[in-house]
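# Inside the fold
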Amino acid sequence: MVEWWRTFFPTSHTCHFCATPIRRHWFSSISKQICMACQRQLPWIGAPQCKVCGREMNQRETNICSDCQTIHPSDWVYNRSVFAYTAFVKQIIWRYKYKGQEKLAVPLGRCMAETLEQQWTKKKFVLSYVPLHAQRLSERGFNQAERLAHVIGRYLRLPVVELLVRKRMTQPQSEKGRDERLSALVGAFAVHPDIDLEQLVDREILLVDDIYTTGSTLRECSKPLKEQGIKNVYSITIAR
Ligand SMILES: [Zn+2]
Ligand SMILES: [Zn+2]
């Protein structure tokens, strides 16, 4: 006979990222809910990191990487990413975004929440996300970054606000050269018309996205926020 509590607190599950059965404990850290084989392939970004973009660095380097040193500090977005963008991580993100495995938002969002807790414990963030253009949203059916923001918000008890709108459709970043990529993004984002940023000037804003490539998307998202008085913008992505 199955004890009644097993129906509410089942003790056998599969790994979040594959079909391997494991014992998983809901209240333990996310890494205990992932099988050993997947854990070994997850390239968590460790310390030390660039103070600005979160890139993993050697001990000997300064605490700001060479890329961030070429960017004016007023344009910095303080980013942290959970994993290095290896083939394994790329495949998980691809399953999440394009293969209908939207429930992967839960473990991915939990990994992001735990990274935030480690990196910026004391900050009381207002969460938001990189918006999709309406046309892309209707093609994909959901905004992958928005869904992750809601998982993080539930886990860390932080509000999620739709702060930004995407005014223009842009091609996927990876299909373009650097200059073309930057010019396509300029002015692509604006503050959502229903948002009164004055109420948020004392809060720390954290934007959620899936992948950090050069940081140009996040910096472009931060511009309309900074123009309206937000001092620092932070971000978190699954991978970089
Ligand atoms: Zn697994
Ligand atoms: Zn950096």
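Residues numbered from 1 in each chain as written. Chains lettered and ligands numbered in written order. Predicted model: local features only at pLDDT ≥ 70, side-chain atom pairs only at ≥ 80, totals over all residues.

## Description of the overall build of the protein
A tally of regular secondary structure across the protein gives nine helices and eight strands. Relative to its length of 240 residues, the protein is compact, with a C-alpha radius of gyration of 19 Å against a globular reference of 18 Å. C-alpha atoms of the protein, sized along the principal axes, occupy 65 × 45 × 35 Å. Across the 240 residues that make up the protein, the buried fraction comes to 30%. Pairs at least 24 residues apart make up 68% of the contacts formed inside the protein by residues separated by at least 6 positions. (Helix = DSSP H or I, 4+ residues; strand = E, 2+ residues; numbered from the N terminus. Rg over C-alpha atoms; globule rule 2.2 N^0.38 Å. Buried ≥ 20, exposed ≤ 12 C-beta atoms within 10 Å, placed from the backbone. Contact = placed C-beta atoms within 7 Å.)

## Observations regarding helix α8 (residues 178-185)
Summarising burial for α8: zero of the eight residues are buried, a small minority. Following α8 by one or two positions, G187 adopts a phi angle in the positive range, close to 70 degrees.

## Quick notes on the pairing of strand β8 (residues 233-239)
The element β8 is largely enclosed, with a buried count of seven among its seven residues. Relative to β8, strand β3 (residues 77-83) runs parallel, the two sharing six bridges. Each bridged residue has a counterpart across the sheet, and for Y78 the counterpart in β8 is Y234. Relative to β8, strand β7 (residues 204-211) runs parallel, the two sharing six bridges. Paired with L206 across the two strands is Y234, which belongs to β8. In this fold, β7 hands off to helix α9 (residues 216-227), which returns the chain to β8; that crossover is right-handed. (Pairing = 2+ DSSP bridges. Right-handed = clockwise from strand over helix to strand, strands pointing away.)

## Considerations on the sheet that holds strand β4 (residues 125-129)
Spatially, the four strands line up as an open sheet ordered β3-β8-β7-β4, and their pairing is parallel. One side of each edge strand has no neighbouring strand; the edge strands of this open sheet are β3 and β4. Across the sheet, the mean angle separating the axes of adjacent strands is 25 degrees when strand polarity is ignored. Looking at chain direction, β4 and β7 are connected through five bridges and run parallel. (Axes fitted to C-alpha atoms, helices over the stretch in contact; angles between N-to-C directions.)

## Considering the nonpolar core
Buried together is how nonpolar side chains tend to be arranged in soluble globular proteins. Residues L108, M112, L148, A149, I152, L207 and V208 are the most contacted members of the largest nonpolar core, which totals 44 residues. Taken together, the elements giving at least two residues each to this core come down to β3, α4 (87-98), α5 (105-119), β4, α7 (144-156), β7, α9 and β8. Discounting chain neighbours no more than four positions away, the residues touching V208 are L127, Y129, A145, L148, A149, I152 and I236. (Core = buried A, V, L, I, M, F, W, Y, C linked by C-beta atoms within 7 Å.)

## What about the packing of α8 against α9?
The N-to-C vectors of α8 and α9 enclose an angle of 25 degrees; their axes lie 10 Å apart at closest approach. Accordingly, the angle class assigned to the pair α8 and α9 is roughly parallel. In this structure, α8 crosses over α9, and the sense of that crossing is right-handed. Only S216, T217 and E220 of α9 make contact with α8, whose side of the interface consists of R181, L182 and L185. Across the contact of α8 with α9, the residue classes tally to two nonpolar, two polar and two charged. (Parallel < 35°, antiparallel > 145°, perpendicular 65-115°, else oblique. Left-handed = near helix turned anticlockwise from the far one by under 90°. Nonpolar A, V, L, I, M, F, W, Y, C, P; charged D, E, K, R; others polar.)

## Quick look at the environment of R136
Relative to the assigned elements, R136 resides in helix α6 (residues 134-140). C-beta crowding within 10 Å serves as the criterion here: with 14 such atoms nearby, R136 is assigned to the partly exposed category.

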